[in-house]
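# Observations on chain architecture
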Amino acid sequence: MPEEEGTRSESQGAGPATDPDADLLARLRQGDEDAFRTLVTEQGPFLMRLVMMHVPSRSIAEEVVGDTWLAVLNGLDRFEGRSTLRTWIASIALNKARTRGTREGRILPFALLRRRYEEGGGPALEPERFQGRRGERPGWWASPPVAWEDPESQLEANETRDVLLKAIRDLPPRQREVIALRDVSGWEADEVCNALDLSETNQRVLLHRARSKVRAALEEHLKPEPEGQPR
């Protein structure tokens, strides 16, 4: 069962020094309905974003999130506290989302993902961009990053946000999960490692490659168009 998988992932983690939700957890175990409402209010939007990365519609995501909350309530007595409460909940949601996504035909089978380097195989950027031109030092930029003019106002544009979100959705699953947790939700590296059962090294590699691909998509979108050729 997916919630049992979430518990296994939690039990393998190094464990948090302090869980900011420890008091909330104690109240939940006492059957405090207000505590559960607080948890749903605080974590619900995050879980929706997380699940939406794996399923094709919001209505399906809402079902998965609902199933996640049921699994949380049923699994509270088995939660050992070796990760934070929100990390444990996220691992349950991810397991359920992956299972539902597979059923909906949104995720490739694991064996095929491995053959396609699901963990992010291949260079983060094309090697040619670092080779430099003849006569220049090796390793210098041959094709440097495009300078963004007034990036704050451009990133606020709906079109640019759509490009950003699409770039994240198009990433391999593990890269997509890591960048969503680190850069969208602001999680620390150790929380991501616990939730996704990753080593610190793998987490860094996946995050670097995800960021590089997202930046490349934004760079392509934001680069100036030649005069006379409107976007």
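Procedures and definitions
Residues numbered from 1 in each chain as written. Predicted model: local features only at pLDDT ≥ 70, side-chain atom pairs only at ≥ 80, totals over all residues. Heavy atoms only, no water. Core = buried A, V, L, I, M, F, W, Y, C linked by side-chain atoms within 4.5 Å. Buried < 20%, exposed > 50% of the residue type's maximum accessible area, 1.4 Å probe, protein only. Helix = DSSP H or I, 4+ residues; strand = E, 2+ residues; numbered from the N terminus. Domains from an automatic or database assignment. Phe/Tyr/Trp six-rings, centres within 6.5 Å; stacked < 30°, edge-to-face > 60°.

Ranked by size, the top nonpolar core spans 46 residues in total, and within it Val 51, Leu 85, Trp 88 and Ile 89 carry the most contacts. Sorting the residues of this core by element identifies helix H2 (22–29), helix H3 (33–52), helix H4 (58–75), helix H5 (85–103), helix H8 (158–169), helix H9 (173–184), helix H10 (189–196) and helix H11 (200–222) as the ones contributing at least two each. In terms of residues, this core owes the most to one element, H5, which gives 8 residues. When residues of this core are assigned to domains, at least three fall in each of domain 1 (8–106) and domain 2 (125–224).

By the definition in use, this model includes 3 aromatic pairs. Note on Phe 36 and Trp 69: the rings are 5.8 Å apart at their centroids and 85 degrees apart in plane angle, and the pair reads as edge-to-face. You can see Phe 36 sitting in helix H3 and its partner Trp 69 sitting in helix H4, a full 33 residues away along the chain. A relative accessible area of 22% places Phe 36 in the partly exposed class. Here the aromatic rings of Phe 79 and Trp 88 are separated by 4.7 Å at their centres, their planes lie at 25 degrees, and the arrangement is stacked. In this structure, Phe 79 and Trp 88 share a single accessibility class: buried.

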